[in-house]
Amino acid sequence: NSLFEEVNSFLYAPNAPHYDTELLESSFNGDKFVLKSKSGFQRDSQVTMTEDVSYVGSPYLPVCLRTRWGRPLSDNSNRANECAAGHDNLRDELSEAVHLSYVSVMVGEWVPYGANFMLQLNQRLGSLEPCQGGMFTALQDKNPMSTNFKVPPGLTNVDIIDFSLARFVNFESEISFPEEGGILQIETFGMHVNVDGTVLQGMKIEAVMDRRADNISLDMLSRVLVDVQMDSSRIMDDLFTSFQRSLMDMLFMGDTINRCKYNCIMAEGISPKMSAKVFMARGEFENELKQVLGDIYLAEDIGADDIIVMGRQGLLCAGPNVQHLEPLVIYYTSLMCKEVFVQNYFTRTFILNDTLKKIRALVEQHQTDPENVKRIRLALSEAAGDIIHLEETLSYLKEALQDMLIPQLPSDAKSKRLYRIFNCAIKCEVIKSSVMDLAKLVAGSANQLENLQQVCDVINTNQLEKLYIEVESNTKVLVDAGAALERSGAALSVMNVVLAGSFAFALMDKLSATWVNAAPPVWFTIYIIRPFLDPPGVFFAVNLAWVGVFCYFLVRYMAYITDKASGALTLRVQINKKIRTLAQLESYLETRQLIMTDCTTDPTSSTKKVTWEEEDVNKWLGSRPNIEMIYDCLYHFVLTISFTIDVKKSNATQEDLLNILLLDLAECGAMDKEVAFGDKADDVEMQQQQVRARYEASKQSVIKTLRGGNKAAIKKH
């Protein structure tokens, strides 16, 4: 009954009836699992929370991975007593069924490696230098000229044990991450990195809480292994190249810290000591072993004293002869590391196929949302990058399996027994077959991607065709409108002349005073009426001459106005120069009277366009330009600058216009002079000073000429 209540308290919301609406359902919010019911109750799940225990470990590497000239490993057994005073954050009550004595754990994984990577790793670790090793981190110093480099806690300390420059390297690594108060974790790993990509991190357990090396609880060891796996991932991440890190991030979707590894546990004794088959009897022994080995599929006795238990995520080899069996165990662990990586790779290909299906769905619905085309392009770019990384990773995996040799059949009985249990030759062939199958899957994904790219090209072509049709239609409308405007302009010019002639006729009529009823004066009769009005046709000829002169001067005046309005220069320059600080640029723009501001923002860019008119005529050498600037607010670049200026009034060249503006930006701190002008910053500044001096001299000369009244000089200026 108590067990029934305990199960219900886990399945239903607390203090609620056992209805379907109160049944808790799990979901993942991208960060953690959440349990919630339909009635509204919600709480965070603790399934992913790890429990920490205090432990002390010494570095461990099997003899078969060492050289004779390598230095001995360090030993932390003298600090085992400190562990008893440490604390833990266990939330469960431990039920200990299996105990191990003198335990050594090896956490293995496969990483894309090659001879060049191995050579670079040895050079980075300083294997050939007098002072080998050092402190390492994956962080980059973004300010190398500064005198300090601030990093969070957790640097990796490395000491070289032995190495072969292009084949392998063995070293000790110590990492110190802050733990909760009172928890003591002294962990130093023995690391083996091989050119075939096999990475092994070994540690000998000296003590866990109050348990010494001869009595380690498997339940507590499972918590130690979780911590060892995560810390070993951080160590390797600090030693990866950027290329390796990109491959691992692609394969594990950015969650490389929690990547799957293979556990190899070797112990000199196991309690209770019984037949290996008992550990697969679906009881408490198997449940405890599952915590560190995963689902168990094989358990065999190796002679009377040793046993081997194998699971999906690791193996346990226990007995007094475990050191003698180390070479075969390490070889099999290397194989299983590759198999685990192949499984993760296989899962990643399914994720890639699912991504391609989503892209195809977007392609089929690209007309339903204008943003779908952008999403398709971005998704295709990411998928192409993933396929390239998958192919590169697969090439390293093929090379590692190609160079892997099958060990010879041992001579002693126990090693023969273990050799037949592992069946390394068949296992190696299975992994090679899986890799060949992965190559087919990646090739199929590449073909799908190529097909989607072709479909996307068709969509782009259709959109471009529509755009061309629209541009052609708009161009035709503009041409027709221009022709109509030209015709209307000609008609307007004719009407202006006609109206001017009418005005001239009316003016002459008024001046002739033919409308006055009173008798004209004597002088008017003698000088106007008799010579021009009385003779037939003379007054008409005078009117025609007057209208002709009037219209001639009107046409000349209209041409003068048109010429005055023309002569504007529009200069558009694409500079793409880095902004020093965006705040200084905006402060500079605040000092201008902005005519127009336009901002365009999308998920990948943010550009701003501002337009203003300058006020200082002398600075711009005779004419105030209208300036338009387009700059990138996200990545801080000035992209394009446009000038509109009256060339009849301006003495500035196109180069002068750009230099004057860039000098302004440099003086206000918005842009560095080296960025604006390169190595010619001082020359440009001196050149602009000379140009301005010549302009001032020319201006003063014009003023003196105007004051002197020299008509020829005035006309020349």
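Here is a short report on the structure shown in this document. (Residues numbered from 1 in each chain as written. Predicted model: local features only at pLDDT ≥ 70, side-chain atom pairs only at ≥ 80, totals over all residues. Heavy atoms only, no water.)

1. Let's talk about empty space enclosed by the protein
Applying the stated rule across the entire model yields one cavity of 30 Å³ or more. The volume enclosed by the largest cavity comes to roughly 50 Å³. Glu109, Trp110, Phe252, Arg259, Cys260, Cys337, Val340, Phe341 and Asn344 are the residues that line the largest cavity. For the lining of the largest cavity, the elements supplying multiple residues, two or more each, are strand E5 (99-110) and helix H7 (326-364). With four residues, H7 is the largest single contributor of residues to the lining of the largest cavity. Here the residues of the lining of the largest cavity sort into six nonpolar, one polar and two charged. (1 Å grid on protein atoms, 1.4 Å probe; cavity = no way out; pocket = protein on both sides within 12 Å on 5 of 7 lines; lining within 4 Å. Points joined across faces, edges and corners; volume = space filled by probe spheres on them. Helix = DSSP H or I, 4+ residues; strand = E, 2+ residues; numbered from the N terminus. Nonpolar A, V, L, I, M, F, W, Y, C, P; charged D, E, K, R; others polar.)

2. Here we look at the packing of aromatic side chains
Tallied over the entire structure, the rule returns 14 aromatic pairs. Measuring from ring centre to ring centre gives 5.7 Å for Trp546 and Phe550, while their planes differ by 45 degrees; the resulting arrangement is tilted. With Trp546 and Phe550 both in helix H12 (residues 538-565) and four residues apart, this pair spans about one turn of that helix. In textbook terms, an aromatic cluster arises when at least three aromatic residues are bridged by ring pairs, as seen for Tyr113, Phe117, Phe243 and Tyr396. (Phe/Tyr/Trp six-rings, centres within 6.5 Å; stacked < 30°, edge-to-face > 60°.)

3. Looking at the packing of helix H5 (residues 242-251) against helix H8 (residues 372-402)
Closest axis-to-axis distance for the H5/H8 pair is 10 Å, and the angle between their directions is 110 degrees. Looking at the two axes, H5 sits roughly perpendicular to H8. On H8, the residues touching Phe243, Ser246, Leu247, Met250 and Leu251 of H5 are Asp386, His389, Leu390, Glu392, Thr393 and Tyr396. (Axes fitted to C-alpha atoms, helices over the stretch in contact; angles between N-to-C directions. Parallel < 35°, antiparallel > 145°, perpendicular 65-115°, else oblique. Contact = heavy atoms within 4.5 Å.)

4. A closer look at the pairing of strand E19 (residues 594-602)
Two strands pair when backbone bridges link them, and E19 and strand E20 (residues 605-613) are joined in this way by eight bridges, in the antiparallel orientation. Across the sheet, residue Asp598 finds its bridge partner in E20, namely Lys609. What sits between E19 and E20 in their antiparallel hairpin is a turn of two residues. (Pairing = 2+ DSSP bridges.)

5. Brief notes about the sheet that holds E20
Either a parallel or an antiparallel arrangement is found when strands of a sheet pair, and the pairing is made through backbone hydrogen bonds. Read across the open sheet, the five strands follow the order E18-E22-E21-E20-E19; overall the sheet is antiparallel. Of all the strands in the sheet, the pair left with one neighbour each is strand E18 (568-578) and E19. Going across the sheet, the axis of each strand differs from the next one's by a mean of 10 degrees, ignoring polarity. Summarising the sheet, E20 and strand E21 (residues 626-632) pair through seven bridges and their orientation is antiparallel. Residue pairing for E21: Thr611 is matched across the bridge by Glu628. Where helix H13 (residues 582-590) meets the sheet, it contacts E19, E20 and E21, and its direction lies at approximately 160 degrees from that of E21. On the sheet, helix H14 (residues 654-667) packs against E18, E20, E21 and strand E22 (637-646) and is oriented at approximately 45 degrees with respect to E18.

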